[in-house]
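So you can see what is in the structure, the chains are spelled out below.
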Amino acid sequence: MKYLIPVFFLISCNSFEEVTPNPASIELSNALEIWEDKNLNNYIYTLNVNCFCPLRGPNEIEIKNDNIIKVNGKSVSSQELQELWDVKSINQIFEIIEDKLSRNPYQYTLKFDADYGYPIDVYFDMDEMIADEEIEYMITNFKIK
């Protein structure tokens, strides 16, 4: 007697491709070139901002067509985004990096993903004589849609 064994396939509704970070201390210009060459406009990641300031994060941020569309699973309007100072797209984080570097920081570290170019860990201490103005941006759980 033959038995039929039912086989079930699990189909995921999540269409995001998990990316394993490949941290590297590469130059900003190289990281930005890698990021731009990938032309990624749809992705999701977790952004954690560390500073001496009021925080709501870490925040899971979803980008579609290069715009932030969800924060922590909730759709957000452009007006709501104005109130969420610690929610940024990766392109906005690159702008922050360029701005802070142009102001000659006392100390900084920049780590980017070698395969995709996005910032993994960015830290700035802008002035040796000022306490509590340091800021760090950390990106984890990066996924491509």
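Residues numbered from 1 in each chain as written. Predicted model: local features only at pLDDT ≥ 70, side-chain atom pairs only at ≥ 80, totals over all residues. Heavy atoms only, no water.

## A look at the nonpolar core
As a rule of thumb, nonpolar side chains are buried together in soluble globular proteins.
Turning to step 1, where the next piece is worked out: If you look at the biggest cluster of nonpolar residues, it comprises 36 residues, and the most contacted ones within it are Tyr45, Ile90, Phe94, Ile97, Tyr118 and Phe142.
Turning to step 2, where the next piece is worked out: For this core, the elements supplying multiple residues, two or more each, are α1 (28-38), β3 (43-51), β4 (59-64), β5 (67-71), α3 (90-102), β7 (107-113), β8 (119-125) and β9 (135-144).
Turning to step 3, where the next piece is worked out: Setting aside residues no more than four positions away along its own chain, Ile90 makes contact with Trp35, Tyr43, Tyr45, Tyr118, Pro119, Ile139 and Phe142. (Core = buried A, V, L, I, M, F, W, Y, C linked by side-chain atoms within 4.5 Å. Buried < 20%, exposed > 50% of the residue type's maximum accessible area, 1.4 Å probe, protein only. Helix = DSSP H or I, 4+ residues; strand = E, 2+ residues; numbered from the N terminus. Contact = heavy atoms within 4.5 Å.)

## Things to note about the pattern of salt bridges
Turning to step 1, where the next piece is worked out: The full count for this structure, using the stated rule, is two salt bridges.
Turning to step 2, where the next piece is worked out: The partner of Glu80 in a salt bridge is Lys74, with the nearest N and O atoms 3.4 Å apart.
Turning to step 3, where the next piece is worked out: According to the relative accessible area criterion, Glu80 is partly exposed, its value standing at 31%.
Turning to step 4, where the next piece is worked out: For Asp99, the salt bridge identified is with Arg103, shortest N-O distance 3.1 Å. (Salt bridge = Lys/Arg side-chain N within 4 Å of Asp/Glu carboxyl O.)

## Focus: the pairing of β4
Turning to step 1, where the next piece is worked out: Inspection of the sheet shows β3 paired to β4 by five bridges, in the antiparallel sense. Paired with Ile44 across the strands is Glu62, a residue of β4.
Turning to step 2, where the next piece is worked out: Bridge count for β4 against β5 is four bridges, and the pairing is antiparallel. Counted as the bridge partner of Lys64 is Asn67 from β5.
Turning to step 3, where the next piece is worked out: The hairpin formed by β4 and β5 contains two residues between the paired strands, and Asn65 there has a positive phi angle of roughly 50 degrees. (Pairing = 2+ DSSP bridges.)

## Some details on α1
Turning to step 1, where the next piece is worked out: Among all positions of α1, only Leu28, Ala31, Leu32 and Trp35 are buried. Buried residues of α1, viewed axially, fall in a sector of 95 degrees; they line one side. Relative to its buried face, α1 has exposed residues pointing more than 90 degrees away, namely Ser29 and Asp37.
Turning to step 2, where the next piece is worked out: Taken together, the buried residues of α1 touch β3, α3, β7 and β9.
Turning to step 3, where the next piece is worked out: Downstream of α1 by one or two residues, Asn39 has phi in the positive range, about 50 degrees. (Arc of directions from axis to C-beta.)

## Remarks on the side chain of Glu134
Turning to step 1, where the next piece is worked out: Residue placement: Glu134 occurs in the loop between β8 and β9.
Turning to step 2, where the next piece is worked out: Of the buried charged residues, Glu134 lacks a salt bridge, with Lys100 as the closest side chain of opposite charge at 11 Å.
Turning to step 3, where the next piece is worked out: Within the local environment of Glu134, its side chain forms a polar contact with the backbone nitrogen of Asp132, the two atoms lying 3.4 Å apart.
Turning to step 4, where the next piece is worked out: Beyond its immediate sequence surroundings of up to four residues, Glu134 is in contact with Asn50, Cys51, Phe52, Tyr123, Phe124 and Asp125. (Lys, Arg positive; Asp, Glu negative; His and termini not counted. Polar contact = N/O pair within 3.5 Å; in protein donor to acceptor, adjacent residues only side chain to side chain.)

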